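Tertiary structure, described
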Amino acid sequence: MSERPLYLDHNATTPLLPAVLDAMLPWLREGFGNPSSDHVYGRRARDAVEDARARVAGLLGCAPAEVVFTSGGTESNNLAIRGTALARPERRGLVTSVVEHPATLRPVELLASRGWRVRWLPVDGAGQVAEGDLEAVPWMQVSLATVMLANNETGAVQPVAALARRARAHGALVHTDAAQAVGRIPVDVDALGVDLLTVAGHKLYAPKGVGALYVRTGSPLAPMLLGGGQERGVRPGTENVASIVGLGAACAIAATDLEAEGQRQRALRDILHARLAAAIPGLALNGPAEARLPNTLNLRFPGVNGRALLARASGLVASTGAACHAEGEQASAVIRAMGVPEAEALGSVRLSLGRGTREAQVTQAAEQLIASWTGLTAGK
C-alpha cells in the first residue's frame, strides 16, 4: 500500500500550491515589516497586502476596497452575521437554510438565543432550497439572509441570486458563505446580488488561517474585534502578510483556468461515479445531478457504513460527513435534511477531487471502493 494514500478530500482542505508557497516565502523571510509602519519595510508589506486585495477582488468581480482580510471562513461568517445584527438592531429577523456550515449555524443560533427570529429554509431531496419557499418569508422583518453558495458535503449550488432579489427588494441584506465555491465555479458578487460573501483560503490552495469577507460599499457592519484601524476598522489586528499574499496568489491562479479546470474535474468526477455505479447496485447520489460543484461526489453505498467502507479502503482518503459522538455515530445532518433515512444516510461518503487528481487515481479510487464494498457485503 502506498505511504501516501490517494487524497479525495479537497472539500475539507486543499494542499498549498507550489506557486502560492513561492509567493509567500519572501514575506516570511525579509519582508517582515508591519503594514501599518510608516517606513520602507512597512510600505513594502502594505503594498503586498494591497496587491493581494486586488487579486481577490479580481476573482470576485468587486472593488479592492470591498475586500476585508480575516483569519478564515469561520471569522468571515461570524463577522458578516453578527456584525450585521449589531449594525441593524431595528430589524431582528434572520433567514438561513437547514444545511449551513456550523460557522453559520452557530452564530445564527446565538442570535436566536438573544431574541432574534429565525426563518429556517428547508431543502428538497437534492439538498437545494426551493425558490418557492422564499415567497413565504416575511422579508420586511428580515435584517439578513445568509445561505451558502455551495454545500460542503453534497456540492449542491443554492439559488442565492434568487434569494438576493427577493431579500434586497425589501431592504434585507444578503450574505453567502462561498468558501466551497470560490475557485471552483464562477463567483461574481454583482451577478449574485449579495452584500457580503465569505472566502476561505485553504479551500482554494492558499494557507489555512487566512480568508476574506466581501463587504459591498455602504453595507452596515459592526466589528467583532476591537483594536486598531486595520482593514478600515472592520477587522483590526496586524495583517498576516505572508498568508494574505498566498491568498492573493491562489485567487490569481484560479482566475486563469477556472472554467477549464472545472470541466476537467467534472469529467473525472463523472468517470468515478460511472465506474462505481456500474459495479454497485443501488448506489445513490446525494445532491443534484447538475447544479453541483464540479469536484464533488457524495454517494450512498447500500448496506454498509461509510466509515467502515473508508476504513477498509485504506489507500484512499475521503470523508463521510458524519459526526462521531461518544454515544454512537450519527448520520450527517445535511443528508438527513434531504429526507434520507438515518440507516441509509450512514452509508454516505464524500469524494472531492482537486487540481492534482488524475484519471489513473480516479480508477484506483473506484477499484478500492468497489473492493471494500464487496468485502463488507459478502455473505449478507
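Okay, so let's go over this structure. Remember, it's a predicted structure, so these values are computed and weren't measured experimentally. (Residues numbered from 1 in each chain as written. Predicted model: local features only at pLDDT ≥ 70, side-chain atom pairs only at ≥ 80, totals over all residues. Heavy atoms only, no water.)

Scanning the entire structure with this criterion turns up 1 aromatic pair. The lysine or arginine in question, R355, covers the ring of Y205, its NZ or CZ lying 5.8 Å from the ring centre. (Phe/Tyr/Trp six-rings, centres within 6.5 Å; stacked < 30°, edge-to-face > 60°. Lys NZ or Arg CZ within 6 Å of the ring centre and 35° of its normal.)

What follows covers helix α11 (residues 359–377). The end-to-end C-alpha distance of α11 is 27 Å, a good match for the 27 Å that 19 residues give at a rise of 1.5 Å each. Along α11, the residues classified as buried are V362, T363, A365, A366, Q368, L369, S372, W373 and T377. Check the buried side of α11 and you find it contacts β1 (6–7), α7 (241–279), α8 (306–312), β11 (316–317) and β14 (348–352). (Helix = DSSP H or I, 4+ residues; strand = E, 2+ residues; numbered from the N terminus. Expected span 1.5 Å × (residues − 1). Buried < 20%, exposed > 50% of the residue type's maximum accessible area, 1.4 Å probe, protein only. Contact = heavy atoms within 4.5 Å.)

Here we come to the sheet that holds strand β6 (residues 173–177). Strands sit in the order β2-β8-β7-β6-β5-β3-β4 across an open sheet of 7 strands; the sheet is mixed. Every other strand in the sheet has two partners, leaving β2 (67–70) and β4 (117–121) as the edge strands with one partner each. For this sheet, the mean inter-axis angle between neighbouring strands, taken without regard to orientation, is 20°. Inspection of the sheet shows strand β3 (residues 93–97) paired to strand β5 (residues 142–146) by 4 bridges, in the parallel sense. (Pairing = 2+ DSSP bridges. Axes fitted to C-alpha atoms, helices over the stretch in contact; angles between N-to-C directions.)

Under the criterion given, the structure shown has 2 cavities of 30 Å³ or more. Within this model, the largest cavity holds a volume of roughly 150 Å³. Tallied by class, residues from the lining of the largest cavity come to 10 nonpolar, 3 polar and 5 charged. (1 Å grid on protein atoms, 1.4 Å probe; cavity = no way out; pocket = protein on both sides within 12 Å on 5 of 7 lines; lining within 4 Å. Points joined across faces, edges and corners; volume = space filled by probe spheres on them. Nonpolar A, V, L, I, M, F, W, Y, C, P; charged D, E, K, R; others polar.)

Within the fold, D177 resides in strand β6. In this structure the side chain of D177 is engaged in a polar contact, spanning 3.0 Å, whose partner is the side chain of N77. A polar contact of 3.0 Å, which involves the side chain of D177, links it to the backbone nitrogen of A179. (Polar contact = N/O pair within 3.5 Å; in protein donor to acceptor, adjacent residues only side chain to side chain.)

For T238, the position within the fold is in the loop between β8 (211–215) and α7. Linking T238 and S36, residues 202 residues apart in sequence, is a C-alpha distance of 7.6 Å. With residues up to four places along the chain from it excluded, the contact list for T238 reads N34, P35 and Q230.

On to a nonpolar patch on the surface. Residues F32, V40 and Y41 make up a contiguous nonpolar surface patch of roughly 310 Å² in combined accessible area. Counting through the fold element by element, Y41 comes out in helix α2 (residues 40–60). (Patch = residues over 30% accessible without salt bridge, like charges linked within 9 Å, V, L, I, M, F, W, Y side chains within 5 Å. Areas by Shrake-Rupley, 256 points an atom, 1.4 Å probe, with all protein chains shown as cover. Salt bridge = Lys/Arg side-chain N within 4 Å of Asp/Glu carboxyl O.)

The phi angle at E231 is positive, at roughly 50°, despite the residue not being glycine. Accessibility expressed as a relative area gives 6% for E231, which makes it buried. Positioned with a positive phi, R232 is a non-glycine residue whose angle comes to about 60°. By secondary structure assignment, the location of R232 is in the loop between β8 and α7.

It is worth spelling out the layout of surface pockets at this point. Considering only enclosed or pocket space, the second largest pocket measures out at about 310 Å³ in volume. Taken together, 14 residues line the second largest pocket, and the ones lying closest to its centre are R4, P5, Y7, H10 and P15. Class assignment of the residues belonging to the lining of the second largest pocket gives a composition of 8 nonpolar, 4 polar and 2 charged.

Before going further, it helps to examine the packing of helix α1 (residues 18–28) against α7. Interhelical geometry of α1 versus α7 gives an angle of 155° and a closest axis separation of 8 Å. On the basis of their axis angle, the class for α1 and α7 is roughly antiparallel. Here the hand of the crossing between α1 and α7 comes out right-handed. Counting all contacts with α1, which are made through A19, V20, A23, M24, W27 and L28, the residues of α7 involved are V241, A242, S243, V245, G246, A249, A250 and I253. (Parallel < 35°, antiparallel > 145°, perpendicular 65-115°, else oblique. Left-handed = near helix turned anticlockwise from the far one by under 90°.)

Glancing now at the sheet that holds strand β10 (residues 296–300). A sheet is described by the order of its strands in space; here 3 strands give the open sequence β9-β10-β14, paired in antiparallel fashion. Each edge of the sheet is formed by a strand with only one pairing partner; in this case those strands are β9 (284–285) and β14. Pairing of β9 with β10 involves 2 bridges; the strand directions are antiparallel. What sits directly across from A284, in β10, is R300.

Below, the discussion takes up the nonpolar core. With 66 residues, the main nonpolar core has L60, F69, W139, V182, V187, L197 and L247 as its most contacted residues. Each residue touching V182, except ones within four places of it in the same chain, is listed here: L59, L60, V187, L197, V199 and L204. In this structure, L276, L309, L310 and L353 belong to the second largest nonpolar core, which totals 24 residues. (Core = buried A, V, L, I, M, F, W, Y, C linked by side-chain atoms within 4.5 Å.)

A separate point is the state of the cysteines. Within this structure, the stated rule accounts for 0 disulfides. Cysteine C62 remains unbridged, with the sulfur of C251 as its closest cysteine sulfur at 9.9 Å. Judged by its relative accessible area of 1%, C251 is buried. (Disulfide = S-S within 2.5 Å.)

Turning our eyes to something else, we now look at the environment of A345. If you trace the backbone, A345 turns up in helix α10 (residues 342–345). The sequence separation of A345 and A80 amounts to 265 residues, and the corresponding C-alpha distance is 32 Å.

In short, geometric facts, not functional conclusions.
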